[in-house]
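So you can see what is in the structure, the chains are spelled out below.
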Amino acid sequence: MLDKYNRKITYLRISVTDRCNFRCTYCMPAEGVKLMKHDDILSFDEIVDIAEQAVSMGVRKIRITGGEPLVRRGIIYLIEKIAKIKGLEDFGLTTNGVLLSGYAEKLAKAGLHRVNISLDTLNPEKFRKLTRVGKLEDVLKGIEAAKKAKLFPIKINCVIKENQNEADAVEVAKFCKKNSLKIRYIREMDLEKGTFWRVKGGDGGECSICNRLRLTSNGKIRPCLFSELEYDVRKLGVKKALMFAVGNKPKAGTVNKLLNFNDIGG
Ligand code: SF4
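Residues numbered from 1 in each chain as written. Predicted model: local features only at pLDDT ≥ 70, side-chain atom pairs only at ≥ 80, totals over all residues. Heavy atoms only, no water.

Here we come to the overall build of the protein. A tally of helices and strands in the protein yields nine helices and nine strands. Against the compact-globule benchmark of 18 Å for 266 residues, the protein has a radius of gyration of 17 Å, which places it among compact chains. Residues counted as buried form 51% of the 266 residues belonging to the protein. Accessible surface computed for the protein: about 12,700 Å², of which carbon and sulfur atoms make up 52%. The averaged location of the 32 negative side-chain charges in the protein is 3 Å from the averaged location of its 50 positive side-chain charges. (Helix = DSSP H or I, 4+ residues; strand = E, 2+ residues; numbered from the N terminus. Rg over C-alpha atoms; globule rule 2.2 N^0.38 Å. Buried < 20%, exposed > 50% of the residue type's maximum accessible area, 1.4 Å probe, protein only. Areas by Shrake-Rupley, 256 points an atom, 1.4 Å probe, with all protein chains shown as cover. Lys, Arg positive; Asp, Glu negative; His and termini not counted. Charge placed at Lys NZ, Arg CZ, Asp CG, Glu CD.)

Below, the structure is given as structure tokens:
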């Protein structure tokens, strides 16, 4: 699929839940956010149908996101189904890693190719403060489990305030080098203000070459993270919603005052 700026749209990020077991300070307030109604959430079979149609229209890369995708019960069933879609070349999942030690082997066996794991500091106290509830050691166990399950390349998403020379980012980079993990630096973004930067070590945030669409867990196809455009697959049908999203994909991101990161999976 080509959009009107001749960008080839080959990547679909699928948010399977808006729920998360962390409360990261740069993602949501301490009290959490108003969650989507359970009935509004897509079933696994609806998600598989959307993924199949998207691949038949040219999508080659799918990433499962959240909230935190591993909190959605039965996630392995979904991974098994999507992994079998003919034409899918790259199949990943982004996680905060805290449940990963119990899932890595099952995810690999189900056909997942690789994982991105969030890690912003190696200081247990800072980690606790940043996530408000998490334990660093659980995430480190998750990273070990992903290595054992060969979910390679394992990429580490390191959120930074301004640059990669910040003390925590330097420590995380050393850790990644020592453990043959690929680090990506994601500067803190603000949906409401419309502030974002290119991901260092990835190509997110570079509008001129943007190849992605997002599916929210309540069935909206969104052409851009920093836009309020969305197309409802249940109202329009999958093909039409995908085509409208590609046809109306903005040249560049502006602002998004409607959603939080946990709704759209970053
Ligand atoms: S802001 Fe929108 S167009 Fe730009 S890179 Fe992000 S999703 Fe793509």
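Residues in contact with the ligand, as listed here, are Phe196, Gly205, Glu206, Cys207, Cys210, Arg214, Cys224, Leu225, Phe226, Lys249 and Gly253. Of the residues in the shell around the ligand, the class split is six nonpolar, two polar and three charged. (Near = heavy atom within 4 Å. Nonpolar A, V, L, I, M, F, W, Y, C, P; charged D, E, K, R; others polar.)

Attention shifts here to the packing of aromatic side chains. Across all of its chains, the model carries four aromatic pairs by this definition. When the ring of phenylalanine 44 is compared with that of tyrosine 77, the centres are 6.2 Å apart and the planes differ by 40°; the resulting orientation is tilted. Of the two residues, phenylalanine 44 sits in helix H1 (residues 44-56) while tyrosine 77 sits in helix H2 (residues 75-83), which places them 33 residues apart along the sequence. Sitting over the face of the ring of tyrosine 11, lysine 61 holds its NZ or CZ atom 4.2 Å from the ring centroid. (Phe/Tyr/Trp six-rings, centres within 6.5 Å; stacked < 30°, edge-to-face > 60°. Lys NZ or Arg CZ within 6 Å of the ring centre and 35° of its normal.)

The next subject is the pairing of strand S7 (residues 212-215). The alternating pattern of S7 places Arg212 and Arg214 on one face and Leu213 and Leu215 on the opposite face, and all of these are buried. Once S7 ends, the chain turns through four residues before running back antiparallel as strand S8 (residues 220-222), passing glycine 219 with a positive phi of about 85°. (Pairing = 2+ DSSP bridges.)

Assignment of secondary structure puts valine 238 in helix H8 (residues 238-247). Linking valine 238 and isoleucine 50, residues 188 residues apart in sequence, is a C-alpha distance of 6.1 Å. In contact with valine 238, not counting residues within four places along its chain, are Asp49, Ile50, Gln53 and Val233. (Contact = heavy atoms within 4.5 Å.)

This next bit is on the side chain of asparagine 256. Mapped onto the elements of the fold, asparagine 256 is located in the loop between H8 and helix H9 (261-264). Looking at asparagine 256, its side chain comes within polar contact range of the main-chain oxygen of leucine 225, at 3.0 Å. The contacts of asparagine 256, once residues within four sequence positions are left out, are Leu191, Glu192, Arg222, Leu225, Phe226, Ser227, Glu228 and Ile264. (Polar contact = N/O pair within 3.5 Å; in protein donor to acceptor, adjacent residues only side chain to side chain.)

In this structure, Ile14, Ile62, Ile64 and Ile82 are the most contacted members of the largest nonpolar core, which totals 66 residues. Aside from chain neighbours lying at most four places away, what touches isoleucine 82 is Ile14, Ile47, Val48, Ala51, Ile62, Ile64, Leu88 and Phe91. Counting seven residues, the second largest nonpolar core, distinct from the first, contains Leu191, Cys224, Phe226 and Phe261. (Core = buried A, V, L, I, M, F, W, Y, C linked by side-chain atoms within 4.5 Å.)

Time to look at the packing of H1 against H8. Relative to each other, H1 and H8 sit at 55°, their axes nearing to 10 Å. As summarised for this structure, H1 and H8 are arranged oblique, according to the angle between their axes. Taken as a pair, H1 and H8 cross one another with a handedness that is right-handed. Across from Asp49, Ile50, Gln53, Ala54 and Ser56 in H1, the residues of H8 making contact are Val238, Lys239 and Leu242. For the contact of H1 with H8, the class distribution of residues is four nonpolar, two polar and two charged. (Axes fitted to C-alpha atoms, helices over the stretch in contact; angles between N-to-C directions. Parallel < 35°, antiparallel > 145°, perpendicular 65-115°, else oblique. Left-handed = near helix turned anticlockwise from the far one by under 90°.)

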